[in-house]
Amino acid sequence: MDQSHLLTPAIPSRLPQVGTTVFTIMSGLASKHQAINLGQGFPDFSCDRDLISEVNAAMLADHNQYPPMTGIEELRNGVAQKIASLYGHHYDPETEITITAGGTQGIMTAILSCVGPSDEVVIIEPAYDSYRPSIDLAGGKTVAVSLITNRDEQGHVNSYSIPWDNLANAITLKTRLLIINTPHNPTGMTWETSDLDRLAKLLENTNALLLSDEVYEHMVFDGHTHQSIASHPALAARSFLISSFGKTYHVTGWKIGYVAAPSAMMKEFRKVHQFNVFTVNTPMQYGLAKYLQNADHYLSLSSFYQSKRDYFKSGLQNTAFKLLPAPATYFQCVNYSDLNIPQSKLSEADFCAWLTTKIGVAAIPVSAFYATPVQSGVIRFCFAKKEQTLSNALKRLQTL
Ligand code: GLN
């Protein structure tokens, strides 16, 4: 019988280079091999029960229908106040702040709202893996510059710095958008005030907009403070600022965040937002609006994660892993090149697969943050875990 009417027409892929994200792959491998998952970045401990009670109360109070497209007023007001008190910039909650279904959606929507065919978008690698596909879908052209990799006497990568010269060359009149990420995933690197000044100079005579991914803004250690583009008026005037409640309140599965931008940019952002997500779930917004009123909930986060970092770091000091600086975020990068085992010669991806399946600890290869994988012997561990989880992982890592 002729079955040709049952054939699915071939789809030319919009994203031919893309497979499944490394975070999903490593979590899958970790669960298949019952490894301790220090790969994908998410906490393995509970969020505050008070936050859950606030969301429950909102549901019981019948906040269960569509909220306004831009997010509920109470939450937008809370975000505006938080940004004003921490960074001194007053975004108008009516026209300049939108609640999104997480940071990644905010990034995709911001890109779709301003990047068109053949517009150039500059990114800095290692870069979060959603940037490039989002630019591709918008029809833009990615111009990637790499962080400078600094090396120790043995030639092993031991830290990163901002590639100012390459950045200056990459930013031209064709640049529509530059994406930065501070604090940076995966390296934990942060942009300081002097860096923001220097960046503002680079952008001064261009039409380039800036997207600043600051989802780890409340995890900065050793007495340092986060420098937001919102604290820099010349940058704020051309920027989408992205943040995430999931990261800050240990609720990554709720998928809720926000974007702040000058009204002219936000107007375009909302045109796209309304036709891909339209609105973000209502009870979570009411719960978060209440919870956000207590600044301690985010101000205490740095010291909370600093103790986890210190605990993890001191355990790793008894191993041949070389620790890279971890000044912010909930990630610790290490170099495995000096381990006295044959596997120290493996690529980062193969090393992570081996570590997960044979040693029982999952990590993320930093090479996955580059379009053309750069092998630097560096992998990323997430320390947003219970002390017991970290201690179990350390026991396994200490056998190497
Ligand atoms: N941002 C998280 C990380 O870097 C993961 C997010 C995701 O899995 N898409 O691990």
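Residues numbered from 1 in each chain as written. Predicted model: local features only at pLDDT ≥ 70, side-chain atom pairs only at ≥ 80, totals over all residues. Heavy atoms only, no water.

**Overview of the site of the ligand**
Short version of the rule: A single heavy atom is enough: if one lies within 4 Å of a molecule or strand, its residue is considered near that molecule or strand. Counting of polar contacts relies on pairs of N or O atoms within 3.5 Å, with two restrictions inside protein: one atom must be capable of donating a hydrogen and the other of accepting it, and residues adjacent in sequence are counted only when both atoms are side-chain atoms. Computed with the Shrake-Rupley method and a 1.4 Å probe, the accessible areas treat only the protein chains shown as cover for residues. In this classification, Asp, Glu, Lys and Arg are treated as charged, Ala, Val, Leu, Ile, Met, Phe, Trp, Tyr, Cys and Pro as nonpolar, and every other residue, Gly included, as polar.
Surrounding the ligand, one finds Phe23, Gln40, Gly41, Tyr128, Asn185, Tyr216, Lys247, Phe331 and Arg380. Take Asn185: an N or O atom from its side chain is 2.8 Å from an oxygen atom of the ligand. A total of 300 Å² of accessible area belongs to the ligand in isolation, and the protein chains cover 81% of it. In the shell around the ligand, the residues fall into four nonpolar, three polar and two charged.

**Points about the environment of Leu167**
The criterion, for reference: Going along the chain from the N terminus, every DSSP run of H or I of four or more residues is numbered as a helix, and every run of E of two or more is numbered as a strand.
On the secondary structure map, Leu167 appears in helix α6 (residues 164–170). For Leu167 and Arg309, which are 142 residues apart along the polypeptide, the C-alpha to C-alpha distance reads 31 Å.

**Considerations on the nonpolar core**
Looking at soluble globular proteins, one finds that nonpolar side chains tend to be buried together. Selection criterion: The term nonpolar core refers to a set of buried residues drawn from Ala, Val, Leu, Ile, Met, Phe, Trp, Tyr and Cys, joined through side-chain atoms within 4.5 Å. For the exposure calls, accessible area comes from a 1.4 Å probe over protein chains only, and a residue counts as buried if that area is under 20% of its type's maximum, exposed if over 50%, partly exposed in between.
Grouped together as the largest cluster of nonpolar side chains are 60 residues, with contacts concentrated most on Phe240 and Phe381. At five residues, the largest contribution of residues to this core is made by helix α14 (residues 348–359). Core analysis: the next-biggest nonpolar cluster, separate from the first, contains 58 residues, Ile171, Leu196, Ile229 and Val251 among them.

**Quick notes on the packing of aromatic side chains**
The condition is simple: Planes of paired rings set the category: under 30 degrees apart is stacked, over 60 is edge-to-face and the rest tilted, where pairs are Phe, Tyr or Trp rings (Trp by its six-membered ring) whose centres lie within 6.5 Å. Criterion for a charge above a ring: Lys NZ or Arg CZ within 6 Å of the ring centre, and within 35 degrees of the ring normal.
Applying the stated criterion across every chain, the model contains 22 aromatic pairs. An aromatic cluster is present here, built from Phe45, Tyr216, Phe304, Tyr305, Tyr330 and Phe331 joined pairwise through their rings. Sitting over the face of the ring of Tyr298, Lys82 holds its NZ or CZ atom 5.6 Å from the ring centroid. For Arg380, the ring lying beneath its charged end belongs to Phe331, and the centroid distance is 3.6 Å.

**Observations concerning the pattern of salt bridges**
Cut-off, in case you're wondering: Any Lys or Arg side-chain nitrogen located within 4 Å of an Asp or Glu carboxyl oxygen qualifies as a salt bridge.
Using the criterion set out here, one finds nine salt bridges in the structure. Between Glu120 and Lys141 there is a salt bridge, with its nearest N and O atoms 3.6 Å apart. Taken together, the positions of Glu120 in strand β3 (residues 120–125) and Lys141 in strand β4 (residues 141–146) put the pair 21 residues apart, joining distant regions of the chain. For Glu120, a relative accessible area of 10% gives the class buried. Accessibility expressed as a relative area gives 43% for Lys141, which makes it partly exposed. By sharing partners, the salt bridges in this structure join Glu120, Lys141 and Lys174 into a single network.

**Re the sheet that holds strand β14 (residues 364–365)**
What counts here: Each pair of strands is called paired provided DSSP finds at least two bridges between the two strands.
Taken in spatial order, the four strands make up an open sheet running β11-β12-β15-β14, and their pairing is antiparallel. Only two strands of the sheet have a single partner each, and these edge strands are β11 (322–323) and β14. Of the pairings in the sheet, the one linking strand β12 (residues 331–335) to strand β15 (residues 378–382) comprises five bridges and is antiparallel in character. Note on β15: the bridge partner recorded for Cys333 is Arg380.

**Observations regarding the pairing of strand β9 (residues 239–244)**
Among the six residues that make up β9, six are buried, leaving the element largely enclosed by the rest of the structure. Burial of β9 is two-sided: the residues Ser239, Leu241 and Ser243 facing one way and the residues Phe240, Ile242 and Ser244 facing the other way are all buried. Relative to strand β10 (residues 257–260), β9 runs antiparallel, the two sharing four bridges. Note on β10: the bridge partner recorded for Ser244 is Gly257.

**Concerning unusual backbone geometry**
Residue Pro183 follows Thr182 across a cis peptide bond; omega there is -10°. The omega torsion across Asn185 and Pro186 is 15°, close enough to zero to call that bond cis. Despite not being glycine, Asp222 has its phi angle at roughly 60°, a positive value. Counting through the fold element by element, Asp222 comes out in the loop between β8 (209–213) and α8 (233–236). You can call Asp222 partly exposed: its relative accessible area is 43%. Phi at Phe278 takes a positive value of approximately 65°, unusual for a residue other than glycine. As for its position among the elements, Phe278 is in the loop between α10 (263–276) and α11 (282–291).

**Topic: the sheet that holds β10**
Formally: Between N-to-C directions, angles cover 0 to 180 degrees, with each direction set by a line fitted to C-alpha atoms, over the stretch in contact for helices. Should any heavy atoms of two residues lie within 4.5 Å, those residues are considered in contact.
With mixed pairing, seven strands are arranged side by side in an open sheet as β2-β10-β9-β8-β7-β3-β4. This sheet does not close on itself; its edge strands, each paired only once, are β2 (97–100) and β4. Averaged over all neighbouring strand pairs, the angle between strand axes comes to 20°, with direction disregarded. In this structure, β8 lies alongside β9, joined through four bridges in parallel fashion. Across the sheet, Leu210 pairs through a bridge with Ser239, a residue of β9. Here α10 sits on the sheet in contact with β2, β8, β9 and β10, set at roughly 30° to β2.

**Some thoughts on the environment of Leu15**
Position of Leu15 among the secondary structure elements: in the segment before α1 (22–32). Setting aside residues up to four positions removed in sequence, Leu15 forms contacts with Pro133, Asp136 and Leu137.

**Considerations on the environment of Lys201**
With respect to the element layout, Lys201 can be found in helix α7 (residues 193–203). On the basis of relative accessible area, Lys201 is assigned to the exposed category, the value being 58%. When the C-alpha atoms of Lys201 and Leu235 are compared, they prove to be 9.6 Å apart, with 34 residues separating the residues in sequence.

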